[in-house]
Number of protein chains: 2
Amino acid sequence: MLPESFLPTNLDVAQLRSSCATCSLRELCLPVGLNDQEVDILGEVVSYKRKVKRGSYLHRTGTKFQALYAVKSGFLKTCILEEDGRQQVTGFHMTGELLGLDAISTELHTCDAIALEDSEVCEIPFAKLEEISRTIPSLMHHFHKIMSREIVRDHGVMMLLGSMKAEERLATFLLNMSRRLAIRGYSESNFNLRMTREEIGSYLGLKLETVSRAFSKLQDEAVISVNNKHIQIHDLQRLKTKMGNSSCAT
Amino acid sequence: MLPESFLPTNLDVAQLRSSCATCSLRELCLPVGLNDQEVDILGEVVSYKRKVKRGSYLHRTGTKFQALYAVKSGFLKTCILEEDGRQQVTGFHMTGELLGLDAISTELHTCDAIALEDSEVCEIPFAKLEEISRTIPSLMHHFHKIMSREIVRDHGVMMLLGSMKAEERLATFLLNMSRRLAIRGYSESNFNLRMTREEIGSYLGLKLETVSRAFSKLQDEAVISVNNKHIQIHDLQRLKTKMGNSSCAT
DNA sequence: ACCCGATTTTGATTCAGATCAACCCGAAGA
DNA sequence: TCTTCGGGTTGATCTGAATCAAAATCGGGT
């Protein structure tokens, strides 16, 4: 099994989906452990909200980096692509997660971010974030934790890509989705995927046909039900065992 | 070809290997763009130096995180390992690079760091680093860049593991080593590897036999010479073309 | 309701890399 | 010097996933 730390939570609070209609900071991943006054300070920074229609870009590779984006609602993917056309999905991102961390290093975005459904993000001008984090140490520390968690997540994916078989990869992926949805208050065993088989494949280092076959196999074994994008997990426990033992019985 | 940003430089200054025998801060990756006074402040934080003998651990998975480590000399690997014994090398680290970034998120190390040759590191207590970075904005910003660069590097590895063939992976790996050595003033075309075939394989998601065969193939094609751990690159240009075009002629 | 393009599933075949196995080589130690 | 042992190379075979191909299904628009 992958270590717990593989799972890219990207948020520490469970009560994300507030009923508040405005761009409430409380929904984001950043203001963990801040007092009201500090949240107010942060609030002036993240005021700008942006809508991203399904299929359109939040940012493109090579464009200037100015702000991080906190996902307020919706679902996005990030991917890098080579000149020769090869594409690698580097992540899927849902409510409360932070996008753009990779762009800090060069001041240019190093990947594309594309909405897989109509989404909303809060823009967080990075220069301002650094500025106020000087006066709010806990904010700075939490931001460091978020970046670090992204590194840990990436290491988990390296492990997956480097040494897991197709079925293990898919099981890991499903459990990851399940867990992240559960944290946000959705069902852990009943959900709709927002991405295509090809996108899943790109993320997992597999071809789309292989992903499809792996789905079918898990369904044949009655571990899950698959109806196109709709997934139902019947046996979470058994799915977990699939994650980590290629050596054990199939 | 991988984007330039793939290459995990982890330092911005070329003149790393100063002749100064003490633990000069100037050699590290952190004090970029600081004035003398600021370097002095930072100096009080990173005073402690630690030796790590070849084969021994700098830190182990699960132990408490207290400090980042800046490699002063030597060569280390980091790896995560599963209960079932599977191991994944997540990186190789040389002079000037920063270790331990993954541990910030949970306050526990999420990987082992093992010296592949006798090495020296400077300990940087993280709490203190955060503290002084409040008063030195450029230090904070540079630290953010370093973390971000690690994320970009990891994405590059994901690309490699997700969509490259064995030979492409090895070519990419060699060019990466070559470049990092060149930055440090060593030959870009003539160097000794410090890790075994198995460790290379783990990093690249290949078995050691496959790594060995890929080496032999590149040698047969007169692109490189291999003598055990000693590598000589004869045709850097051709090696670069190997990196990115599985579709093109072999 | 119907159509069209995109997506998904499934089958047949191929192939890159894993696995199994033998052997070689060089450094460390008796 | 001889032995041993951890790497490393190379060959033979196997296999999981890629590739090629053809249906089936879904969803959006008219």
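Only a predicted model underlies this, so the values are computations on that prediction, with no experimental measurement involved. (Residues numbered from 1 in each chain as written. Chains lettered and ligands numbered in written order. Predicted model: local features only at pLDDT ≥ 70, side-chain atom pairs only at ≥ 80, totals over all residues. Heavy atoms only, no water.)

**Brief notes about the sheet that holds strand β8 (residues 224-227) of chain A**
Residue and element names in this part refer to chain A.
Link 1 in the chain: As summarised here, the arrangement of the 3 strands in space is β7-β9-β8, forming an open sheet in which the pairing is antiparallel. Each end of this open sheet is capped by a strand with a single partner; those strands are β7 (190-192) and β8. Strand-to-strand, the axes of this sheet are offset by a mean angle of 15 degrees, without reference to chain direction.
Link 2 in the chain: As judged from the 3 bridges shared by β7 and strand β9 (residues 230-233), these two strands associate in the antiparallel manner. Across the sheet, residue N192 finds its bridge partner in β9, namely H230.
Link 3 in the chain: The strands touched by helix α6 (residues 208-220) within the sheet are β8 and β9, with β8 carrying the most contacts at an inclination of about 130 degrees. (Pairing = 2+ DSSP bridges. Helix = DSSP H or I, 4+ residues; strand = E, 2+ residues; numbered from the N terminus. Axes fitted to C-alpha atoms, helices over the stretch in contact; angles between N-to-C directions. Contact = heavy atoms within 4.5 Å.)

**Describing the protein's contact with DNA strand C**
Link 1 in the chain: By nearness alone, 18 residues border DNA strand C, and R197, S212 and S216 of chain A together with A166 and T210 of chain B come closest of all.
Link 2 in the chain: S216 of chain A places a polar side-chain atom, nitrogen or oxygen, 2.6 Å from a phosphate oxygen of DNA strand C.
Link 3 in the chain: K229 of chain A places a polar side-chain atom, nitrogen or oxygen, 3.0 Å from a phosphate oxygen of DNA strand C.
Link 4 in the chain: Sorting elements by how many residues they give to the surface near DNA strand C places α6 of chain A first, with 5 residues. (Near = heavy atom within 4 Å. Polar contact = N/O pair within 3.5 Å; in protein donor to acceptor, adjacent residues only side chain to side chain.)

**Let's talk about helix α7 (residues 236-244) of chain A**
Link 1 in the chain: Along α7 of chain A, the positions that sit buried rather than exposed are L236, L239, K242, M243 and G244 of chain A.
Link 2 in the chain: On its buried face, α7 of chain A is in contact with α4 (166-183), α6, β8 and β9 of chain A. (Buried < 20%, exposed > 50% of the residue type's maximum accessible area, 1.4 Å probe, protein only.)

**A look at the sheet that holds strand β7 (residues 190-192) of chain B**
Residue and element names in this part refer to chain B.
Link 1 in the chain: On the basis of which strands lie adjacent, the open sheet formed by 3 strands has the order β7-β9-β8 and antiparallel pairing. Edge strands, defined here as strands with exactly one partner in the open sheet, are β7 and β8 (224-227). Shown here is a sheet whose adjacent strand axes are inclined to one another by a mean of 15 degrees, direction ignored.
Link 2 in the chain: Sitting on the sheet, helix α6 (residues 208-220) is in contact with β8 and β9 (230-233), with an inclination near 130 degrees to β8.

**Focus on the pattern of salt bridges**
Residue and element names in this part refer to chain B.
Link 1 in the chain: Under the counting rule described, the total for this entry stands at 32 salt bridges over all chains.
Link 2 in the chain: When the shortest N-O distance is used, the salt bridge between K242 and E167 registers 3.1 Å. Pair noted here: K242 is in helix α7 (residues 236-244) and E167 is in helix α4 (residues 166-183), with a separation of 75 residues, a long-range link. As far as the burial class goes, K242 and E167 line up, both buried.
Link 3 in the chain: Among the ionic pairs, D235 bridges to R238, the shortest N-O distance being 3.3 Å. (Salt bridge = Lys/Arg side-chain N within 4 Å of Asp/Glu carboxyl O.)

**Side note on the pairing of β9 of chain B**
Link 1 in the chain: Side chains I231 and I233 of chain B project from β9 of chain B onto a buried face, and the interleaved H230 and Q232 of chain B project onto a face without burial.
Link 2 in the chain: Connecting β8 of chain B to the next strand, β9 of chain B, in antiparallel fashion are 2 residues, including N228 of chain B with a positive phi near 60 degrees.

**What to know about the protein's contact with DNA strand D**
Link 1 in the chain: Near DNA strand D, the surroundings consist of 18 residues, among which A166 and T210 of chain A together with R197, S216 and K229 of chain B are the closest.
Link 2 in the chain: The share of sugar and phosphate among atoms of DNA strand D within 4 Å of the protein is 69%.
Link 3 in the chain: Take E209 of chain A: an N or O atom from its side chain is 3.3 Å from a base nitrogen of DNA strand D.
Link 4 in the chain: Between DNA strand D and S212 of chain B, the relevant distance is 3.0 Å, taken from a phosphate oxygen to a side-chain nitrogen or oxygen of the residue.
Link 5 in the chain: Listing elements by their share of the surface near DNA strand D, those giving two or more residues are α6 of chain A together with α6 of chain B.
Link 6 in the chain: Here the surface near DNA strand D takes 5 residues from α6 of chain B, the largest share from any one element.
Link 7 in the chain: For the surface near DNA strand D, the class distribution of residues is 3 nonpolar, 7 polar and 8 charged. (Nonpolar A, V, L, I, M, F, W, Y, C, P; charged D, E, K, R; others polar.)

**A closer look at the interface of chain A and chain B**
Link 1 in the chain: Taken together, the contact between chain A and chain B spans 52 residues of the former and 53 residues of the latter.
Link 2 in the chain: A buried area of about 4,600 Å², summed over both sides, lies between chain A and chain B, and 59% of it is on carbon and sulfur atoms.
Link 3 in the chain: Broken down residue by residue, the surface that chain A buries against chain B is led by R86, R134 and M158 of chain A, which jointly contribute 15%.
Link 4 in the chain: Seen at the junction of chain A and chain B, the total is 4 salt bridges.
Link 5 in the chain: The shortest N-O distance in the salt bridge between E107 of chain B and K145 of chain A comes to 3.9 Å. (Buried area = accessible area lost by both parts, 1.4 Å probe.)

**Concerning the domain arrangement of chain A**
Residues and elements named next belong to chain A.
Link 1 in the chain: Structurally, chain A comprises domain 1 (13-157) and domain 2 (164-241).
Link 2 in the chain: Taking only C-alpha atoms into account, the centre of domain 1 sits 25 Å from that of domain 2.
Link 3 in the chain: Taken together, the contact pairs 19 residues of domain 1 with 14 residues of domain 2.
Link 4 in the chain: Both faces combined, the contact of domain 1 with domain 2 buries some 1,500 Å², and carbon together with sulfur accounts for 55% of it.
Link 5 in the chain: Across the contact surface, domain 1 and domain 2 share 4 salt bridges.
Link 6 in the chain: A salt bridge links R194 to E117, with the nearest nitrogen and oxygen atoms 2.5 Å apart.
Link 7 in the chain: Contributions of two or more residues to the side of domain 1 that touches domain 2 are made by β3 (67-81), β4 (87-94), β6 (112-125) and α3 (137-163).
Link 8 in the chain: Broken down by element, the residue count for the side of domain 1 that touches domain 2 peaks at 8 residues, all from β4. (Domains from an automatic or database assignment.)

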